[in-house]
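Listed below, chain by chain, are the residues.
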Amino acid sequence: MKYCLGLLLCVLCTCSSPTEPDGEPLLFPSNFATMFQTVRDCRLSNAHDMHFISVAANVKAESLYREDRYPLPVGSILVKTLYDDPTCTTPVGYVAMRKDDGWVWQETAANFEVYDTGALQSCIACHSTCGDRDLTCTDP
């Protein structure tokens, strides 16, 4: 009985944290949709593999992003939710930007499994062409 209980606890603990599936922490909280404000409604993006995207921002970035006031402060977080359909009902992944000393990007699956984190060259290549917007590209 002790063995079964221990095994059950091990399985439950292993499966309970979608935010760190490989030990790599998320740059944004997994419940960001309830904590952040939507600053861009869902629209087709000519980048991000032609997904439909919406953008949410944390409190540090929200008003500044909406008002086009740059640069954004350290601690700013922007999360793009990617969708395959124009109704934007089921996320297929997320791309986040968090400003520390510089911007750090992260790509995740819809279940928050982290694909890649860092100064991602694919992100930097595109975002560096967006003018004087502190490496943000998406209009509110």
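Residues numbered from 1 in each chain as written. Predicted model: local features only at pLDDT ≥ 70, side-chain atom pairs only at ≥ 80, totals over all residues. Heavy atoms only, no water.

What follows is about the pattern of salt bridges. Taken as a whole and assessed by the stated rule, the structure comprises four salt bridges. Arg 66 is the salt-bridge partner of Glu 62, the closest N and O atoms lying 3.0 Å from each other. You can see Glu 62 and its partner Arg 66 sitting in helix H3 (residues 62–66), four residues apart, about one turn around the helix. Look at Arg 66 and you get partly exposed, because its relative accessible area is 40%. In this structure, Arg 69 and Glu 67 form a salt bridge, with 3.0 Å as the shortest nitrogen-oxygen distance. (Salt bridge = Lys/Arg side-chain N within 4 Å of Asp/Glu carboxyl O. Helix = DSSP H or I, 4+ residues; strand = E, 2+ residues; numbered from the N terminus. Buried < 20%, exposed > 50% of the residue type's maximum accessible area, 1.4 Å probe, protein only.)

In this structure, the amide linkage connecting Tyr 70 to the following residue, Pro 71, adopts the cis form with an omega of 5°. Tracing the backbone through its elements, the reader meets Pro 71 in the loop between H3 and strand S3 (77–83). In this structure, Phe 112 takes a positive phi of about 75° despite not being glycine. Looking at the secondary structure, you find Phe 112 in the loop between strand S5 (103–109) and strand S6 (114–118).

As a further point, take the nonpolar core. If you look at the biggest cluster of nonpolar residues, it comprises 13 residues, and the most contacted ones within it are Phe 28, Phe 32, Phe 36, Val 79, Tyr 94 and Phe 112. Contributions of two or more residues to this core are made by S3 and strand S4 (91–99). Beyond its immediate stretch of four places on either side in the chain, Phe 28 contacts Ile 77, Val 79, Tyr 94, Ala 96, Gln 106, Thr 108 and Phe 112. (Core = buried A, V, L, I, M, F, W, Y, C linked by side-chain atoms within 4.5 Å. Contact = heavy atoms within 4.5 Å.)

For the chain, the average pLDDT comes to 80, and 69% of its residues sit at 70 or higher. Of the regions scoring below 50 in pLDDT, residues 1–21 engages in 12 contacts with residues more than four places distant in sequence or in other chains. (pLDDT = per-residue confidence, 0-100.)

This part takes up the side chain of His 51. Positionally, His 51 belongs in the loop between strand S1 (37–44) and strand S2 (52–57). Within polar-contact distance, the side chain of His 51 engages the side chain of Asp 84 at 3.0 Å. Setting aside residues up to four positions removed in sequence, His 51 forms contacts with Arg 43, Leu 44, Ser 45, Leu 82, Tyr 83, Asp 84 and Val 92. (Polar contact = N/O pair within 3.5 Å; in protein donor to acceptor, adjacent residues only side chain to side chain.)

Looking at the element boundaries, Leu 64 is found in helix H3. In the structure, Leu 64 is positioned 12 residues away from Ser 76 in sequence and 9.9 Å away in space, judged by C-alpha atoms. Those residues in contact with Leu 64 that lie beyond four places of it in its chain are Arg 69, Leu 72 and Pro 73.

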